[in-house]
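Okay, here's what each chain looks like letter by letter:
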Amino acid sequence: MEALVADVRAALRSVADPERARGMQAYLKTTEPCLGVRLPEVRRLTRAAATADPPATAADVEQAASALWRGAAYREERYAAIALTGLPVARGALELLPLYEEMITTGAWWDLVDGVAGRVRDLLLAHPAQLAPVLQDWARSADRWLRRSAVIAQLGARDRTDRALLAEVIEVNAADPEFFVRKAIGWALRDLAKTDPAWVRGFLAGHELSPLSRREAARHLS
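Remember, it's a predicted structure, so these values are computed and weren't measured experimentally.

**A few points about the overall build of the protein**
Okay, step 1: Each helix and strand counted, the protein has 13 helices and 0 strands in total.
Okay, step 2: Scanning the protein from its N terminus toward the C terminus, one meets helices and strands in the order α-α-α-α-α-α-α-α-α-α-α-α-α.
Okay, step 3: Taking the principal axes of its C-alpha atoms as reference, the protein extends roughly 55 × 40 × 30 Å.
Okay, step 4: Taken across its 222 residues, the protein has 50% of its residues classed as buried.
Okay, step 5: Partitioning the contacts of the protein with sequence separation of at least 6, the portion at a separation of at least 24 is 69%.
Okay, step 6: Of the roughly 10,300 Å² that the protein leaves accessible, carbon and sulfur atoms contribute 53%.
Okay, step 7: Both charge centroids of the protein, one from 30 positive and one from 29 negative side chains, sit 7 Å from each other.

Set out below in structure tokens:
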């Protein structure tokens, strides 16, 4: 997988835009250097590199994604690492859970943490018995990004949302003063309201939430 990692890095550097990079770094409020490559382009370049040198197994993906993540000199290399874990061969692979937790706790900012959310959702849908206890633990973690991840882990699950689990991870964080957790609660409820507005209305009626969480949750409820 060394060739794949090298190809991804070379591809990202080949389209670097220093002016955009300065704007990205300021927007993200990060000290990590940026190349100035937009996220859709990062994903496209990563898929192209993986097509040319495809990982055969989830273990191959874990090896390449870990190398990109841990050796990242630029923010976009971390985006590429997350993109690799979305390859079909890795989707729903339980062995990637430790890497996702590492990405959440060491990424420790909204753009990276939220990028991993869909991977955690896929694991939950594929392995609910194994993942539900993990999310219950994350919801009670001292790490705010694990708490946020537990709350947003079911974004996009639609009718497959485990409502009891969602209610639990929100309830234990309802009084959390942390902005990113309060925002996550509203986001998770707003997302479910697209397919089950009645459940969300009932939840809002029966729970004390921060004004931010409640405002976000009710944004599209009539």
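That shown, we press on.
**What about the packing of helix 5 (residues 75-84) against helix 7 (residues 110-126)?**
Okay, step 1: Interaxial distance between helix 5 and helix 7 falls to 10 Å at its minimum, and their mutual angle equals 10 degrees. In this view, helix 5 runs roughly parallel relative to helix 7, as classed from their interaxial angle. Where helix 5 abuts helix 7, its residues Arg75, Arg78, Tyr79, Ile82 and Ala83 lie against Asp111, Leu112, Gly115, Val116 and Arg119.

Rules and cut-offs
- Every chain is numbered independently, its residues counted from 1 as its sequence is written.
- A pLDDT threshold of at least 70 governs which residues receive local features in this predicted model, and a stricter bar of 80 or more applies before side-chain atom pairs are shown or counted, although totals over entire chains, interfaces and linings include all residues.
- Each side-chain value is worked out from all heavy atoms of the structure, with water and hydrogens disregarded.
- Strands are runs of DSSP state E lasting at least 2 residues, helices are runs of H or I lasting at least 4, and numbering of each runs from the N terminus.
- Think of it in three bands: residues with accessible area under 20% of the maximum for their type are buried, residues over 50% are exposed, and the middle band is partly exposed, with areas taken using a 1.4 Å probe on protein chains only.
- Throughout, a contact is declared for two residues whenever any of their heavy atoms are within 4.5 Å.
- Where accessible areas are quoted, they stem from the Shrake-Rupley method and a 1.4 Å probe; at the residue level, only the protein chains shown are allowed to cover.
- Positive charges come from Lys and Arg, negative ones from Asp and Glu, while His and the chain ends are left out of the count.
- Charge coordinates come from a single atom per side chain, which is NZ of Lys, CZ of Arg, CG of Asp or CD of Glu.
- For helices, the fitted axis covers only the stretch in contact; all axes are lines through C-alpha atoms, and the angles between them, taken along N-to-C directions, range from 0 to 180 degrees.
- The labels follow the angle: roughly parallel below 35 degrees, roughly antiparallel above 145, roughly perpendicular from 65 to 115, and oblique for the rest.

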